[in-house]
Amino acid sequence: MILIGELSLWVALLMAAWSATVSFAGGQMRRSDLVASGERALYATFAFVVLASIGLWTALLTSDFSLRFVASYTSSNLPAVYKFSAFWGGQAGSMLFWCLILALYSAITLFANRRTNRELMPFVTGTLAAILIFFLATTAFGANPYARLDWIPPDGTGLNPQLQNPGMAIHPPNLYLGYVATSVPFAFAIAALITRRLDAEWLAAVRRWSLVSWLFLTIGITLGMWWAYVELGWGGYWAWDPVENASLLPWLTGTAFLHSIMIQEKRGMLRKWNVTLVVATFLLAILGTFITRSGVIESVHSFAQSPIGSWFAGFLILAIVVTAFLVATRLKDLEAQAELESMVSREAAFLYNNVVLVGIAFSVLWGTLFPIISEAVRGSKITVGAPFFNTVNIPLGLLLLGLTGVGPLIAWRRASVANLKRQFAVPVAGGLVLGAAFFALGMRDGYALVSYTLAGFVTTTIAQEFVKGVGARRRIHGEAIPIALLRLIGRNRRRYGGYIVHFGIVVLFAAFAGLAFKKEYDLSLTPGSSFTALDPYNRSWTFTSQGVSRYEELNRQVTAVVLEAKRPGMAPTLIKSEKRQHVDSRGQPTFEPSTEVGILESLRQDVYLVLHGVTGEETAEIRITFNPLVWWVWYGGIIMAIGGLIVMWPQATRSRSGRREGGYVVVMQPAAERPPVEAGV
Amino acid sequence: MASRREFMMALGGTLVAVGARQVIGQQGAEAPGASMEGDGYIPVRRLPRPAAAKRLTPLERDAVERMISCPCPCTLDVFTCRTSMPCGFSPRLHADVVALANGGYSADEILAAFEQSYGEKILMAPHKQGFNWVGWLAPFAAVGGGAFVVGALIRRWGSRAAERRATSSVPVDGSDDEMAQLEAAVRGDDR
């Protein structure tokens, strides 16, 4: 199976090359036989990439240490789940994993569009196959997971302890599913530019894929934050590491696109901007991969420096040149059908939202690359870390949070003063009341106060929209509130799913602001000794050491400290933190010792226990941190994902025939021609 | 007159010379980071000030460590690195910070001492001076510039739309109830 897998990788590359060639030729020459051949070749590429992946998984699970990749990232005593997930734990395997997802998406795209978008599909197929060529070639020539060692070691090096976490099994796949999904909208954009079919057809095709990408990126980023929080060594749930930043970039531009696409759908505007955002999202996903793999920027997450960084740089430049050429030669086809009428309209609010989202993306990218720029200009290295990103992005983030509440309150096209007063009165009051309440309770952190005030404003906005919608349904259909609510969401998933996503953002910001109040204590505890500490809510906690224990597990030696945590009104609870020394099958240490944190979780705060080390026989050197509202980060992510799923869920057939750019048209008849309105209607 | 081949060779030679100077220059630039202990760690020591009136509290000391970048490839600050990874550097840098804090040095003085030994790279964020201002201000300039352009575009589009409305406007005549129904229909709440 391993040999079949190795051969399949090369055959897949040939198939992708054939698919790209005949698809572009078939589309250009309008030869349906070539187009069909290109599509079949892309399906075949998928089948061969699946075989190549099965081959590698077989090698990993059977511990075939003749493969350099298997020997480098697994050991015979590694639990099976981590042998399985080691597939994407190293450079070469993760490249093949990328190919697998891209081939899968390509096959789904072909199947879903076997009867639709036929004008575009040859070029969509060709573009997807071309991207596959790049990734398969980079895998085969630059980072081949099937590369063999000159000799077969008795055991492998094992997987880095930080990667031996359930997060490893789910976080990278989700992130990759998000990154790779940006390829499909990009392929449609290229096809639309080549064919000059830049109406709403391609937009309708890419919207769901953009949502798929956004949803997986959201889930992947949230899971990454959770993993970085529970597994010590990543620097907390967000450390503004270049690789973390790289995942945020396509999420930001993708979010901007999902807003601006509505303006093109409803008003036929922003065509150039939407094409730019789709392309930028894809390029940023590739740039993120380049940053992770090239070694040009130091990162705690990055793979070892390898030559494939230059491959990515070349691909990135080629993609930029091709896209810029296509856009430049089709500017006339990208002219808007309508124009914005007022600064005070939902379109304008969306545009400002786009400015801020893209501005944050720029600031993150800028901060990530500025050390290189500075070195090139000044010749000396600098570090751009969390203090820079927080200083720059917190105000921009709060601005974005405010706009999240403003957008839904303003009417399309043009809002009147009366309309604005009516719409804004309650949300503004809601925000101010919440802010004042927190101030009265003693909160004095400026950013936190602004954050909670805006959170109150946006939450009230969302609540107001739901209340209005439910009220309208109750008036018109006489439905009970729960039924009206469910039908309101079900019949208008994009709008109300979007509000749920907005609420998730609010929860996330509330959680981020909570971090301003965290409290930390460093202490040494001998068995039986206690320490009393105040949490951010001024409640007194007592921690008593239950002693230090040492024992062995499957592939590690463990030193653990257990504390009993007590506070008035709560039953005593035990928290454990471990120091782990991973060993190979001969009992030899493999990596630096790692730390497993102990967490006592609640909605209000986490009690976070870290064992630094043990002095003497039994004295535990530990750090206790009270982290307020951390769970809200995960809940915020979950709410956003649920909202995204609602938005993505297919609407009933209604809109299929009526989908067109420009949206609805309302015709008001002159009063004289209108039939009389019946009372109670 | 030089042939194309000679020209290319001369150009190549020049590039090699420039590249070599760059490499030498970089090595020179790394001088502040030259190791006293062979691995890039430079002890940052100062004589204690016995008469210092105020010592940093542990929390203030942690805040200083959060402003110092760990020289290992983690990209984290010393505080976060030593309390989470920890690498071979952060505990030693922490010890230096503790010694300086106990010696009566202020947060700014400790940061300056580290910068003197390691260069500006040791700080988690660049100073707000000189070329670094480009780094600090570019994001705000980008958002401000973007907002200005969008505002100008909307104003221009708006005036054109107003002209069109002036020539072809249809007055809307509807009661409040009718307008509310229309709004609900437009929102899709009535389906």
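As a reminder, the structure under discussion sits directly above these lines.
As the structure is a prediction and not an experimental result, all values here were calculated from the model.

Colleague: Go over the overall build of chain A with me, naming the residues and quoting the values.
Modeller: Scanning chain A from N- to C-terminus turns up 20 helices and 9 strands. Relative to a compact globule of 681 residues, whose C-alpha radius of gyration would be 26 Å, chain A shows 28 Å and is just as compact. In terms of principal-axis extent, the alpha carbons of chain A reach across some 95 × 70 × 55 Å. Taking all contacts inside chain A whose residues are at least 6 apart in sequence as the whole, residues at least 24 apart take part in 71%. A total accessible area of about 27,300 Å² is found for chain A, and carbon and sulfur atoms account for 65% of it. Averaging the positions of the 55 positive and the 41 negative side-chain charges in chain A gives two centres separated by 12 Å.

Colleague: Could you give an account of the packing of aromatic side chains, naming the residues involved and the relevant values?
Modeller: Residues and elements named next belong to chain A. Evaluated as defined, the whole model comprises 48 aromatic pairs over all chains. Each ring, one from Tyr 229 and one from Tyr 608, has its centre 4.8 Å from the other, and the planes form 35°; the classification is tilted. Highlighted residues: Tyr 229 in helix α9 (residues 200–230) and Tyr 608 in strand β8 (residues 605–615), separated in sequence by 379 residues. Accessibility classification places Tyr 229 together with Tyr 608 in one group, the buried group.

Colleague: Can you explain the pattern of salt bridges? Please cite residues and give values.
Modeller: Going through the model one piece at a time under the given rule, you end up with 23 salt bridges over all chains. One network of salt bridges, with partners in common, ties together Lys 518, Glu 520, Asp 522 and Arg 623 of chain A together with Asp 62, Glu 65, Arg 66 and Arg 82 of chain B.

Colleague: Before we move on, could you go through a nonpolar patch on the surface and cite the residues and values that matter?
Modeller: Residues and elements named next belong to chain A. The grouping of Met 1, Ile 4, Leu 51 and Ile 54 at the surface amounts to a nonpolar patch, some 310 Å² of accessible area in total. Residue placement: Met 1 occurs in the segment before α1 (2–29). Residue classification places Met 1 among the partly exposed residues on the basis of a relative accessible area of 41%.

Colleague: Describe the sheet that holds strand β7 (residues 598–600) of chain A, naming the residues involved and giving the relevant values.
Modeller: All names here are of chain A. Read from one edge of the open sheet, 4 strands run β1-β9-β8-β7, paired in antiparallel fashion. Since the sheet does not close on itself, it has two edges, and those belong to β1 (519–525) and β7, each with one partner. In this sheet, neighbouring strand axes are inclined to one another by 20° on average, regardless of whether the strands run parallel or antiparallel. Note: β1 against strand β9 (residues 619–628), 7 bridges, orientation antiparallel. What sits directly across from Leu 525, in β9, is Ala 620.

Colleague: Account for the nonpolar core, naming residues and giving values.
Modeller: Buried together is how nonpolar side chains tend to be arranged in soluble globular proteins. Counting 185 residues, the largest nonpolar core has Tyr 105, Phe 135, Leu 136, Phe 188, Trp 202 and Trp 251 of chain A as its most contacted members. At 15 residues, α9 of chain A tops the list of elements feeding residues into this core. Each residue touching Leu 136 of chain A, except ones within four places of it in the same chain, is listed here: Leu 9, Ala 12, Leu 13, Ala 16, Thr 45, Val 49 and Cys 99 of chain A. Core analysis: the second largest hydrophobic core is formed by 27 residues, Val 44, Leu 56, Leu 76 and Tyr 118 of chain B among them.

Colleague: Give me the lowdown on empty space enclosed by the protein, citing residues and values where you can.
Modeller: Residues and elements named next belong to chain A. In the structure shown here, the tally under the stated rule is 3 cavities of 30 Å³ or more. Roughly 70 Å³ of internal volume is contained in the largest cavity. Around the largest cavity, the lining residues are Thr 182, Pro 185, Ser 210, Ser 213, Gly 254, Phe 257, Val 278 and Thr 281. Of all the elements in the fold, those that place two or more residues in the lining of the largest cavity are α9, α10 (242–267) and α11 (271–294). Broken down by class, the residue content of the lining of the largest cavity amounts to 3 nonpolar, 5 polar and no charged. Computed from the structure, the second largest cavity encloses a volume of approximately 50 Å³. Lining the second largest cavity are Ser 75, Asn 77, Thr 157, Gly 158, Leu 159, Gln 164, Asn 555, His 582, Val 583, Asp 584, Thr 590 and Phe 591. Of the residues in the lining of the second largest cavity, the class split is 3 nonpolar, 8 polar and 1 charged.

Analysis parameters
Residues numbered from 1 in each chain as written. Chains lettered and ligands numbered in written order. Predicted model: local features only at pLDDT ≥ 70, side-chain atom pairs only at ≥ 80, totals over all residues. Heavy atoms only, no water. Helix = DSSP H or I, 4+ residues; strand = E, 2+ residues; numbered from the N terminus. Rg over C-alpha atoms; globule rule 2.2 N^0.38 Å. Contact = heavy atoms within 4.5 Å. Areas by Shrake-Rupley, 256 points an atom, 1.4 Å probe, with all protein chains shown as cover. Lys, Arg positive; Asp, Glu negative; His and termini not counted. Charge placed at Lys NZ, Arg CZ, Asp CG, Glu CD. Phe/Tyr/Trp six-rings, centres within 6.5 Å; stacked < 30°, edge-to-face > 60°. Buried < 20%, exposed > 50% of the residue type's maximum accessible area, 1.4 Å probe, protein only. Salt bridge = Lys/Arg side-chain N within 4 Å of Asp/Glu carboxyl O. Patch = residues over 30% accessible without salt bridge, like charges linked within 9 Å, V, L, I, M, F, W, Y side chains within 5 Å. Pairing = 2+ DSSP bridges. Axes fitted to C-alpha atoms, helices over the stretch in contact; angles between N-to-C directions. Core = buried A, V, L, I, M, F, W, Y, C linked by side-chain atoms within 4.5 Å. 1 Å grid on protein atoms, 1.4 Å probe; cavity = no way out; pocket = protein on both sides within 12 Å on 5 of 7 lines; lining within 4 Å. Points joined across faces, edges and corners; volume = space filled by probe spheres on them. Nonpolar A, V, L, I, M, F, W, Y, C, P; charged D, E, K, R; others polar.

Read these as layout, nothing more, since geometry by itself doesn't imply function.
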